[in-house]
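Structural characterization, general
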Amino acid sequence: MIEFQAKDVSYSEDLEFSEYFQVLFQEKDAPGVKYVLLQRQFEIPDGGVSYFECDEIERSGSHVFRKAKLSRDRFEIEVPGEDGGKWVVAFELDDKRYAALKEVLSIILRKPSRLEIEA
């Protein structure tokens, strides 16, 4: 399991007409730090896969995620496959930014992936 505290959380902001969505959690805005990037596009049919990338590039790839969980201060995701694993990212966001993050992650990890959101 890989755990880190994200000091920087960014996400797609223009959701209304977009066909491409992204969320980035990173330790800080600097090269060589731990990060988790999730992306999904809807322009071309692709079976509903989402792209996962992290600082260990060999673990990156496109998948259907069966286990992802979002709570008020934490995001967890299990990456399938031989090079997969579990990432746990702690973060702090105000209510407005958390609501936006929740919306974007719900789009990226919608069916066939699965995102559990804790109340």
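These remarks concern the structure in this document.

The rules behind these values
- Residues numbered from 1 in each chain as written.
- Predicted model: local features only at pLDDT ≥ 70, side-chain atom pairs only at ≥ 80, totals over all residues.
- Heavy atoms only, no water.
- Helix = DSSP H or I, 4+ residues; strand = E, 2+ residues; numbered from the N terminus.
- Rg over C-alpha atoms; globule rule 2.2 N^0.38 Å.
- Buried < 20%, exposed > 50% of the residue type's maximum accessible area, 1.4 Å probe, protein only.
- Contact = heavy atoms within 4.5 Å.
- Areas by Shrake-Rupley, 256 points an atom, 1.4 Å probe, with all protein chains shown as cover.
- Lys, Arg positive; Asp, Glu negative; His and termini not counted.
- Charge placed at Lys NZ, Arg CZ, Asp CG, Glu CD.
- Patch = residues over 30% accessible without salt bridge, like charges linked within 9 Å, V, L, I, M, F, W, Y side chains within 5 Å.
- Salt bridge = Lys/Arg side-chain N within 4 Å of Asp/Glu carboxyl O.
- Pairing = 2+ DSSP bridges.
- Axes fitted to C-alpha atoms, helices over the stretch in contact; angles between N-to-C directions.

Along the chain, the regular secondary structure elements total one helix and ten strands. When the helices and strands of the chain are placed in sequence order, the string is β-β-β-β-β-β-β-β-β-α-β. In terms of C-alpha radius of gyration, the chain reaches 13 Å, essentially the compact-globule figure of 14 Å for 119 residues. With respect to the three principal axes, the spread of C-alpha positions in the chain is 35 × 35 × 30 Å. Per-residue burial for the chain yields a buried fraction of 41% across its 119 residues. Residue pairs at least 24 apart in sequence account for 44% of intrachain contacts in the chain once pairs closer than 6 positions are excluded. Total accessible area computed for the chain in this model is approximately 7,000 Å², and 46% of it derives from carbon and sulfur atoms. Mean positive and mean negative side-chain charge positions of the chain (17 and 25 charges, respectively) differ by 6 Å.

Further remarks concern a negative patch on the surface. A cluster of acidic residues, Asp55, Glu58, Glu82 and Asp83, forms a negative patch on the protein surface. By secondary structure assignment, the location of Asp55 is in the loop between β5 (50-54) and β6 (61-63). Taking relative accessible area as the criterion, Asp55 reaches 33% and is therefore assigned partly exposed.

Spatial strand order, β1-β9-β8-β7-β10: five strands in an open sheet with mixed pairing. Strands at the two margins of the open sheet, each flanked by one partner only, are β1 (2-5) and β10 (115-117). For this sheet, the mean angle separating the axes of adjacent strands, direction not counted, is 15°. Both β1 and strand β9 (residues 85-90) contribute to a ladder of four bridges, which runs parallel. Considered in β9, the bridge of Glu3 is made with Val88.

So, to be careful, I would describe these as geometric facts and stop short of saying anything about function.
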